[in-house]
Amino acid sequence: MQTRRQFLKISALTTAVFPFLKVKTFGKTPFKESSTKPIVLSTWSFGVPANAEAWKVLNGGGWALDAVEAGVKIPEGDPKVHSVGYGGLPDRDGHVTLDACIMDEALNCGSVAFIENIMHPISVARLVMEKTPHIMLAGDGAYQFAIEQGFKKENLLTPESEKIWKEWLNKSGYKPKIDGVNHDTIGMIALDTNGRLCGACTTSGLSFKYHGRVGDSPIIGAGLYVDGEYGAATSTGIGEEVIRISGTHLVVELMRQGRNPQEACEEAVNRVVRNKGSKIDSDFQVGFLALNKNGDYGAYAVNKGFQYAVYSQEENNLLKDSKSHL
Ligand code: GLY
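Now for a look at the structure at hand. (Residues numbered from 1 in each chain as written. Predicted model: local features only at pLDDT ≥ 70, side-chain atom pairs only at ≥ 80, totals over all residues. Heavy atoms only, no water.)

## Remarks on the overall build of the protein chain
Regarding its fold elements, the protein chain presents nine helices and 13 strands. Looking at the 326 residues of the protein chain, the share that counts as buried comes to 60%. In the protein chain, the share of contacts with a sequence separation of at least 24, taken over all contacts with a separation of at least 6, comes to 69%. (Helix = DSSP H or I, 4+ residues; strand = E, 2+ residues; numbered from the N terminus. Buried < 20%, exposed > 50% of the residue type's maximum accessible area, 1.4 Å probe, protein only. Contact = heavy atoms within 4.5 Å.)

Here it is, written out as structure tokens:
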């Protein structure tokens, strides 16, 4: 199983491979009223290089949808990130299965779940949105669609991920464990210069899960939701708990009813906490990130340690240790 220490090492490595980026880091941060655009936010430290890629689109006046797709493809293609795309940790049978979704400012959305052997599921999700009458394709159907669209079949299980899986097999009794240290999705939300809000979310999901398990990340309203009139939200952490409360739809709906992004994230986390009660411990993590139409943003998590990246006004910052319930 991937430990928190391993995860932190992985996160540090991800940032380390992009030394050319000027990155400032901050401790606990309050709700930030930025009222600026463009702006892009994403989860975890691998959000820093992802935001840098998204910024190239946003800074040139491009569409937030193109920005979020380009941005999340960076961790999808990075073998050192063990919770997204290529190099993601496999399920308990050794298959790397991926979940992703994308949504624009006009409620257009596309998603793939439980897809294998495709490096960039986010781009397949976008094509589901643009080229089919559907929103979600899963499993072999999603794979076949990707191949028809010109994607290549690729082995996503790297030697390093295979080694971590084999170590897990040796000590786990083949029993998946749900905790907060092996779910670290990239969720990205952006507002472009024309005021268009869009988002993307992509992950290899819970490591060593049952074959066929799908988390929150490809589910519109769970891992990602965007209402172009009000706001966008994305989530990370234990997908089962986010699905249970329709987490990101809840956050956006609360913003629609007048809460600011920070208040909306806090209320969604409070619902998770109320639901789980005493079962919450230091291994349990769910976090939300939200952005409104003005470019104001907020973040809140159940546990300490949630990090997110924000790129605006030419600064790409990693905000360490967001406000949290515990
Ligand atoms: N949040 C990612 C997952 O649970 O699959």
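Next comes the rest of the description.
## Re the packing of aromatic side chains
For any pair of aromatic rings, the description consists of the separation of the ring centres together with the inter-plane angle of the planes. Counting across every chain of the model gives five aromatic pairs. Taking 5.3 Å as the distance between ring centres and 75° as the angle between the ring planes, the aromatic pair formed by Trp44 and Phe306 counts as edge-to-face. Placement of Trp44 in the loop between strand 2 (39–43) and helix 2 (47–59) and of Phe306 in the loop between strand 11 (297–301) and strand 12 (308–312) is noted, with a sequence separation of 262 residues between them. Neither residue differs from the other here; Trp44 and Phe306 are each classed as buried. Residues Trp168 and Phe208 carry aromatic rings whose centres are separated by 4.7 Å and whose planes lie at 15° to one another, so their mutual orientation is stacked. Of this pair, Trp168 sits in helix 6 (residues 159–172) while Phe208 is found in the loop between strand 7 (197–203) and strand 8 (224–227), placing the two residues 40 residues apart along the sequence. Across the pair, Phe208 and Trp168 agree in class, each one buried. Lying over the aromatic face of Tyr174, Arg92 brings its terminal NZ or CZ to 4.0 Å of the ring centre. Of note, Arg92 hangs over the ring of Tyr210, and the distance from its end group to the ring centre comes to 4.0 Å. (Phe/Tyr/Trp six-rings, centres within 6.5 Å; stacked < 30°, edge-to-face > 60°. Lys NZ or Arg CZ within 6 Å of the ring centre and 35° of its normal.)

## Re the side chain of Asp227
By the element assignment, Asp227 lies in strand 8. Salt bridges are absent for the buried Asp227, whose nearest opposite-charge side chain, Arg256, sits at 5.2 Å. If we skip the residues at most four places from it in the chain, Asp227 touches Leu197, Val252 and Arg256. (Lys, Arg positive; Asp, Glu negative; His and termini not counted. Salt bridge = Lys/Arg side-chain N within 4 Å of Asp/Glu carboxyl O.)

## Considering helix 6
The end-to-end C-alpha distance of helix 6, which contains 14 residues, comes to 20 Å, matching closely the 20 Å that a straight helix rising 1.5 Å per residue would cover. Restricting attention to buried positions, one finds in helix 6 the residues Ser161, Ile164, Trp165, Trp168 and Ser172. Each buried residue of helix 6 sits inside an arc of 100° when the element is viewed along its axis, so together they form one side. Exposed residues lying more than 90 degrees from the buried face of helix 6 are Pro159, Lys163 and Asn170. Just past helix 6, the residue Gly173 takes up positive phi, approximately 70°. (Expected span 1.5 Å × (residues − 1). Arc of directions from axis to C-beta.)

## Notes on the packing of helix 8 (residues 247–256) against helix 9 (residues 261–276)
Relative to each other, helix 8 and helix 9 sit at 140°, their axes nearing to 8 Å. One way to sum up the angle between helix 8 and helix 9 is to call them oblique. By crossing handedness, the relation of helix 8 to helix 9 is classed as right-handed. Contacts between helix 8 and helix 9 involve Gly247, Leu250, Val251, Leu254 and Met255 from the former and Pro261, Ala264, Cys265, Glu267, Ala268 and Arg271 from the latter. When grouped by side-chain class, the residues that make up the contact of helix 8 with helix 9 number eight nonpolar, one polar and two charged. (Axes fitted to C-alpha atoms, helices over the stretch in contact; angles between N-to-C directions. Parallel < 35°, antiparallel > 145°, perpendicular 65-115°, else oblique. Left-handed = near helix turned anticlockwise from the far one by under 90°. Nonpolar A, V, L, I, M, F, W, Y, C, P; charged D, E, K, R; others polar.)

## What to know about the pattern of salt bridges
What the rule picks out here adds up to 15 salt bridges. The salt bridge partner of Arg126 is Glu69, with a shortest N-O separation of 2.9 Å. One end of the pair, Arg126, is in helix 4 (residues 121–131); the other, Glu69, is in helix 3 (residues 64–76), with 57 residues separating them in the sequence. Among the residues examined, Arg126 registers a relative accessible area of 10% and is labelled buried. Residues Glu162 and Lys166 are paired through a salt bridge, measuring 3.2 Å at the closest nitrogen-oxygen approach.

## Details of helix 2
For helix 2, which comprises 13 residues, the first-to-last C-alpha distance of 17 Å matches the rise-based estimate of 18 Å (1.5 Å per residue) to within 8%. Regarding helix 2, the residues found buried are Gly47, Val48, Pro49, Ala50, Asn51, Ala52, Ala54, Trp55 and Leu58. Following helix 2 by one or two positions, Gly61 has its phi on the positive side, about 85°.

## What to know about empty space enclosed by the protein
Overall, the coordinates contain one cavity of 30 Å³ or more when judged by the stated rule. Taken as a whole, the largest cavity spans an internal volume of roughly 40 Å³. In terms of lining residues, the largest cavity is bounded by 12 residues, among which Thr185, Gly205, Arg213, Asp216 and Ser217 are the most central. (1 Å grid on protein atoms, 1.4 Å probe; cavity = no way out; pocket = protein on both sides within 12 Å on 5 of 7 lines; lining within 4 Å. Points joined across faces, edges and corners; volume = space filled by probe spheres on them.)

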